Amino acid sequence: MRFTPWATRMATILGLSATALLSACGGGGSGGGNAQVRLLNITQSYATLDLSVNNTTINSKVAQGQVGSYGGVDSNNTATQILTSDVGNSVAALTPTLAGGNNYTLIAYGFSGATRVSQLQESQDAPDSGKAKVLALNLAPDAGSLDIYITTADAALTDSSPFYSGLQGAAGSGYIQINSGTYRVRVTGVGNKNDLRLDIPAVTFDSASVNSMIFSATSSGTLVNGTKLVQKGAVTSFTNTLSRVRMINGLAGAAYASSTIQGKTLLLNSPAPNRVDYVSLPSGASNLVVNVNGSPITLPSGAPTMAAGVDYTYLLYGTAAAPQFTVLTDDNRLPTTSGNVKIRLINALAGNNNPLASLVVDNTTRAANLAAGTSSTPDGTLSSSTGSTVQVWSPLIGSSPIYNPGTFGSTTSLTPLIANGVYTAIIMGDSTVNTSVTPPTMPGATGMFIRDR
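Small disclaimer: the values here were computed from a predicted structure and weren't measured.

## Digging into the overall build of the protein
- Scanning the protein for helices and strands turns up one helix and 42 strands.
- In the protein, which comprises 453 residues, the proportion classed as buried is 51%.
- Pairs at least 24 apart in sequence give 65% of the contacts found in the protein among residues at least 6 apart.
- For the protein, the computed accessible surface area is about 18200 Å², with 48% contributed by carbon and sulfur atoms.

## So, the pairing of strand β31 (residues 311–318)
- Counted residue by residue, β31 has eight buried out of eight residues, so it is predominantly covered.
- The alternating pattern of β31 places D311, T313, L315 and Y317 on one face and Y312, Y314, L316 and G318 on the opposite face, and all of these are buried.

## Here's the deal with the sheet that holds strand β22 (residues 242–249)
- Reading across from one edge, β26-β22-β31-β32 is the order of the four strands in this open sheet, with mixed pairing throughout. What marks the edges here is a single partner per strand, and that holds for β26 (274–282) and β32 (323–330). In this sheet, neighbouring strand axes are inclined to one another by 20 degrees on average, regardless of whether the strands run parallel or antiparallel.
- Pairing between β22 and β26: seven bridges, direction antiparallel. In the sheet register, V245 faces β26, and the bridge partner there is V279.

## Points about the packing of aromatic side chains
- On inspection of all chains with the given rule, the structure shows three aromatic pairs.
- For the pair Y423 and F449, a centre-to-centre distance of 5.4 Å together with 10 degrees between the ring planes defines the contact as stacked. With Y423 in strand β41 (residues 422–430) and F449 in strand β42 (residues 446–451), this pair connects stretches of sequence that are 26 residues apart. When sorted by exposure, Y423 lands in the same class as F449, which is buried.
- The residue whose ring lies beneath R244 is Y278, and the NZ or CZ to ring-centre distance is 4.2 Å.
- A cation sits over an aromatic face here: R333 above F111, 3.6 Å from the ring centre.

## So, the nonpolar core
- I148, I150, I178, F205, M213, F215 and V224 are the most contacted members of the largest nonpolar core, which totals 25 residues.
- Mapped by element, the contributors of at least two residues to this core are β12 (131–139), β13 (146–151), β17 (181–189), β18 (196–205) and β19 (209–217).
- Sorting elements by how many residues they give to this core places β18 first, with four residues.
- Once residues lying within four places of it in the same chain are set aside, the contact partners of V224 are A140, A143, L146, V187, R197, L198, F215, S216, T218 and N240.
- Among the nonpolar cores identified, the runner-up in size contains 23 residues, and M247, L267, A272 and L316 belong to it.

## Quick notes on unusual backbone geometry
- With omega at -10 degrees, the peptide bond leading from A272 into P273 counts as cis.
- Following the sequence through the fold, P273 ends up in the loop between β25 (270–271) and β26.
- One non-glycine residue, N54, lies in the positive phi region at around 55 degrees.
- On the secondary structure map, N54 appears in the loop between β4 (48–53) and β5 (56–63).
- On the basis of relative accessible area, N54 is assigned to the partly exposed category, the value being 34%.
- Here the phi dihedral of A170 falls at roughly 65 degrees; this positive angle occurs in a residue that is not glycine.

## Observations concerning the sheet that holds β5
- Strand order in the open sheet formed by four strands is β5-β4-β8-β9, and the pairing between neighbours is antiparallel. The strands lining the two open edges of the sheet, one partner per strand, are β5 and β9 (90–94). Averaged over all pairs of adjacent strands, the angle between their axes in this sheet comes to 15 degrees, without regard to strand direction.
- Of the strand pairs in this sheet, β4 and strand β8 (residues 80–84) are connected by five bridges, and their pairing is antiparallel. Bridge assignment links D50 to a residue of β8, and that residue is L83.

## Things to note about the side chain of N103
- Note on placement: N103 falls in strand β10 (residues 103–111).
- Not counting residues within four places of it along the chain, the set of residues in contact with N103 comprises Q36, Y70, L120, Q121, E122 and K232.

## Thoughts on the confidence of the model for the protein
- Looking at the protein, the pLDDT average stands at 87 and 85% of residues meet or exceed 70.
- This stretch, residues 23–30, has a pLDDT under 50; its non-local contacts, to residues over four places away or in other chains, come to 28 contacts.

## Structural notes on the environment of Y423
- On the accessibility criterion, Y423 (3% relative accessible area) is buried.
- Taking the C-alpha atoms as reference, Y423 lies 8.7 Å from P378; in sequence the two are 45 residues apart.
- Beyond its immediate chain neighbours, meaning those up to four positions away, Y423 contacts V341, K342, I343, R344, P416, L417, I418, F449, I450, R451 and D452.

## Re the side chain of S52
- Within the secondary structure layout, S52 lies in strand β4.
- By relative accessible area, which is 8% here, S52 ends up buried.
- Once residues lying within four places of it in the same chain are set aside, the contact partners of S52 are T57, I58, A79, T80, Q81 and L83.

How each quantity is defined
Residues numbered from 1 in each chain as written. Predicted model: local features only at pLDDT ≥ 70, side-chain atom pairs only at ≥ 80, totals over all residues. Heavy atoms only, no water. Helix = DSSP H or I, 4+ residues; strand = E, 2+ residues; numbered from the N terminus. Buried < 20%, exposed > 50% of the residue type's maximum accessible area, 1.4 Å probe, protein only. Contact = heavy atoms within 4.5 Å. Areas by Shrake-Rupley, 256 points an atom, 1.4 Å probe, with all protein chains shown as cover. Pairing = 2+ DSSP bridges. Axes fitted to C-alpha atoms, helices over the stretch in contact; angles between N-to-C directions. Phe/Tyr/Trp six-rings, centres within 6.5 Å; stacked < 30°, edge-to-face > 60°. Lys NZ or Arg CZ within 6 Å of the ring centre and 35° of its normal. Core = buried A, V, L, I, M, F, W, Y, C linked by side-chain atoms within 4.5 Å. pLDDT = per-residue confidence, 0-100.

Right, dumping it as structure tokens:
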């Protein structure tokens, strides 16, 4: 397997997103003659895409999860663009090295504004009868490093060894030979079998076949979709059927909360402030049950329905006497600019006086006048730092908290913001003014600072 680093530099020069070039085996450089090229569209943002080489359309209107037919191109003239099918805007540009007489699939993946292309050279020798070759490709850089499992249908992950471990973004495993047959394919976060990112019940690898198992991003960035591409053959899409959920007890005071969903415990008699890490669950209708101080609460819209491939935060806020619940959709994709950090604010303040909140990092406002029970749009324009002042405040709160991860009220040290990190700041407390004393007083706040990625 060969990676070509000039693609990233070219993308920077052209002002486009990074383009990673991959040759699965052999092939050498361009030696003249025609090469056969096709496009595979596994982007999240484009329903259809076109492939153009030297201003000649090779593929048009390739739908998500589909691959175009091969078209011949001059291997000495390979200026290539991936274009939107409607307007014809270029979303990626590259000049790949192609060898005459060889077949290639250009794989478009990622999101609008961050579309990338990986070049797969399809010249791997077929295995013997009864065998299959499998290449795993991690084209979900937002998901981080992954462990890939190919097992029998009923094999427990706890008893299984990875097909490939620690597969980094934009990297491939190399072709690995296995017995042909139908297998279960699962993907987890690296080194954590409980961090399930994808579960495909049945994938068939035919006798004497050469296959690529490609893993690409879902909308929230952590779960992944699967695609099986047969060398010089058909494509099969395996859309993720999981969602990820976490719950935060942001109730004012020391209220205790418990919650269960789909047979799993989220919070277990947990005092505020508290949270549980994400768990992966089957998408669709849920049976969420929430108790506050031992009594069940009524969810305003009933038990929430979860969309496939999406991360959610279930936020419990307000007071024990009047608890409130809302569902927040999370964006856990990495910052689009490498080295930056991404941060958002969740306002879990209680009170009937519209307690707004704002987030300030190093004296620059990143979220302003955020209503209770809502989340700000993540800001990914911050540079990483060894120490930053992170401040969350509300005009209805008597103190203006400056805090480090997990604590409020610290002004003696600064918060490290690690490159490519994703963070959530949460402010909570009761904003009701205490009129029983003279003069009336405003309460302080509490909260949490979470590194999500």
